[in-house]
Amino acid sequence: MIARVQPPLFPLLVCVAIIHLAGSTRADVGPENVAVVVNEDSWASMTVANEFVHLRGIPPANVIYLKDLPDFEQTDVATFREKILKPVIGTLVARGIAAQVNCIAYSSDLPFRINVSADMKGRKFPKIITPWAAINGLTYLNSYVLRKDPSYLNLRINRYGRRPEPELNAEPVRESDREDYAAAMNLLMDKKWDEAAIALRAISEDNPHTPDLLYNLACALGRIGEADQAMLTLRRAVDAGFLSHTTMATDKDLESLWQRQDFKDLIEGMKERVFAVQPTRGFGAAYRWSPDGQPGAGAGKTYMLSTMLAVTSGRGNSVGQALAALRRSVAADGTHPAGTVYYMVNKDIRSRTRQWGFGAAVGMLEACGVTAEAIDGVMPTGKSDVQGLMAGSPSFRWNQSKSEIQPGAICEHLTSTGGVLVEKAGQTPLTDFIKYGAAIASGTVVEPYAIKEKFPDPFVHVHYARGCTAVEALYQSVMGPYQLLIVGDPLCSPWASRPKVTVAEIEPGATLSGRLSITPGVEPDCETPVDEFELYVDGRRHAVARRGEPIYLNTRRVPDGYHELRVVAVLANAIETRGSLTLPVRVDNGGLRIEVSGLPSEPVPYGKPLRLSATLPGASIIFIAHNGRPVGAINGESGEVEIDTRKLGLGTVRLQAVGAIGKPAENTKVAGEPLEVQIVAPTPLPALKTPAGAQWVEGLKLTPEGAEPVVVTETRASDWLAKAGVEADQAFALTGYFEVPADDMY
């Protein structure tokens, strides 16, 4: 990893029409605000999504299935835009839920690494702006990606990011100077010190309050022997908001200044500097964030939170590990854990890059009642209370640390390939933290250079401890997120105090008819008052009312059958904390009811057909849907359907019968009560003994039907079967010996 401070910013290109997600949903993120994207061609993707949807109560309308993706791990930006981003946003708009979605959570087996070279249109990348981006970074910056505007590479693009107060008055490089700045930075990277100093000095004349520009100019001046000018420029950089005293104290470009007393005094003054960070805020995709980081509804930038729920290929986790992590995360919500957040201090550039904020973050956490320590080492040793971790090391073995990660922890390390999860990549991957218990972790998908704007800053744990969800905490702490891959549960919130919603007028399981009025409340009354209540019907926002005002629902506008009402209370605090109550009900205005039978009482093995019967008098067709996606159909008003369980994935699967009465253009849809079925993995094959006298060959033996076997040693490319000679729809056998530590699915 190569150290360098913030690289140049890119000028904006001409804008074209994009899809807007603006709406009136408030901040914070609940299950009704998360869209889950699933790769329908992957059993692992469906299994991870099944677990998350079940655990978090994600409405079926919020689950989106994609298929026929060219690769499960990496792709190019044009394919991402056309095959993933546009279909997802288009589906949200078509379903009428775009205005309420604040986060897009990708399940596993969607391409997490995306090459954005095409959007540069032949323009040269600066050395420290590399062309690989993360799927959730580009989703967060979707408005730029949709219009092919490479401004998403800008490392100060995130106005939702909470900045330290000394940086608030810092000015970015003027747009007219950005290409020149990029060229000057390349000269600096190429060690052309004299040329870099001339170029940076010229740019600084029109940009006198840009801390990173001034710092880089000081480095160039230090290299060419202009020590006095270098010191003067360093002081200007600090006055403009430069904070990283550890970078300054160890940067070899400034080695000529290290023995100067004024340099030492400057470093000591920076260490003792006490500063605050912009106030923690909840996130709303409809909010337009101003240049000073304030949310509003006028001019400003919009974003979309995003994570991956898991990575289960390459250097990712097993499916079992991914599911266990989600379960631990949900169990951590609202527990206000008593563990410790650890910041690791060592001489590695990966640690030094963020040490500027360790002391301030520890103080802020202690003010929240959360224990925190900055300690020496690579990993905490013998600590059983790791409630959060910020590390900086290329490699580690957690199991040798004898420490224990507690449920709900955010753990990550600034390292070159933490988010490079394809096979054969080096350094320890972020998924090791997930394996050993973290709720969420992050890392870059390519060598990022040691640039602090690309990684979460130390205050990620502060925003978390103040009650934000994990995904909100992470995006508040990273200024340039395009390369950052975030894996885990976006909704985990150990320190959130969520209101308990009450509705006196409706009991769970009630039968409703006619026009209704409800006046929700909370119990006990919160210290923070409720600002408003939202009513969702089958996952779609229906109405909003202030506290004490009634919410009306005309059930005659809702089809007969099963429905879910979700009442959400939004608190009047900066995070806009949400609490909810879900009420399953049956609407009966016309006497229509669908009956389903045949649900097995025992778990169903994956691959074994599932047979259900359904009846709806007068129906022309009855669908069986999995999260709103049809997986079987009965023509007519009754019959039996056979469902291929391989289309469902493993775990707790929610199925629902939906019947249609009348002509297709004007039919009445009637929904039955949801059915839950457990799909379990087939019994593992027994372990085999090594055959006597076997001659081992690296790879897998592939035998296409009717053809001679071949040995395959590379399966990373999506077309590896075709390259090995397997034709479309041709049967084949794949044989190999594997050593695995436990029964699991990979």
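Residues numbered from 1 in each chain as written. Predicted model: local features only at pLDDT ≥ 70, side-chain atom pairs only at ≥ 80, totals over all residues. Heavy atoms only, no water.

K.L.:
Would you take a moment to explain the packing of helix α6 (residues 193-206) against helix α7 (residues 211-223) for this structure?
P.N.:
Helix packing geometry: the angle between the two helix axes and the distance between the axes. The N-to-C vectors of α6 and α7 enclose an angle of 145 degrees; their axes lie 9 Å apart at closest approach. Judged by the twist between their axes, the crossing of α6 over α7 is left-handed. Together, W193, A196, A197, L200, R201, I203 and S204 of α6 and L213, L214, N216, L217, A220, L221 and R223 of α7 make up the contact between the two elements. (Axes fitted to C-alpha atoms, helices over the stretch in contact; angles between N-to-C directions. Helix = DSSP H or I, 4+ residues; strand = E, 2+ residues; numbered from the N terminus. Left-handed = near helix turned anticlockwise from the far one by under 90°. Contact = heavy atoms within 4.5 Å.)

K.L.:
Teacher, can you tell me more about the packing of aromatic side chains here?
P.N.:
The description of two aromatic rings rests on the distance between their centres and on the angle between their planes. Scanning all chains against the criterion turns up 15 aromatic pairs. Centre to centre, the rings of W398 and F433 are 6.4 Å apart; their planes meet at 70 degrees, and the pair counts as edge-to-face. Taken together, the positions of W398 in the loop between β10 (386-391) and β11 (405-413) and F433 in helix α14 (residues 431-435) put the pair 35 residues apart, joining distant regions of the chain. Exposure remark for W398: the relative accessible area of 3% places this residue in the buried category. For F433, a relative accessible area of 0% corresponds to the buried category. Counting every residue linked through ring pairs, the aromatic cluster contains Y140, Y160, F283, Y287, W289, Y303 and Y475. Directly above the aromatic system of W132 lies the positively charged group of R113, at a separation of 4.1 Å from the ring centroid. (Phe/Tyr/Trp six-rings, centres within 6.5 Å; stacked < 30°, edge-to-face > 60°. Buried < 20%, exposed > 50% of the residue type's maximum accessible area, 1.4 Å probe, protein only. Lys NZ or Arg CZ within 6 Å of the ring centre and 35° of its normal.)

K.L.:
Whenever I open this one, the sheet that holds strand β28 (residues 638-643) confuses me. Can you help?
P.N.:
Strands in a sheet are paired, the pairing made by backbone hydrogen bonds, and the direction either parallel or antiparallel. With respect to topology, three strands assemble into an open sheet ordered β23-β25-β28, the strand pairing being antiparallel. The sheet is open, and its two edges are formed by β23 (595-597) and β28, each paired on a single side. Neighbour-to-neighbour, the strand axes of this sheet turn through a mean angle of 25 degrees, independent of strand direction. Where strand β25 (residues 610-615) meets β28, six bridges bridge the pair, whose relative direction is antiparallel. (Pairing = 2+ DSSP bridges.)

K.L.:
Where do I start with the sheet that holds strand β32 (residues 700-704) in this structure?
P.N.:
One open sheet holds the three strands; their spatial order is β33-β32-β34, and the pairing between them is antiparallel. Edge positions in the sheet fall to β33 (710-712) and β34 (732-735), since each of these pairs with one other strand and no more. With strand direction ignored, the average angle separating the axes of adjacent strands in the sheet is 30 degrees. Sheet topology note: the β32/β33 ladder contains three bridges and is antiparallel. Bridge assignment links K701 to a residue of β33, and that residue is V711.

It is worth stressing that arrangement in space is one thing and function is another; only the former is reported here.
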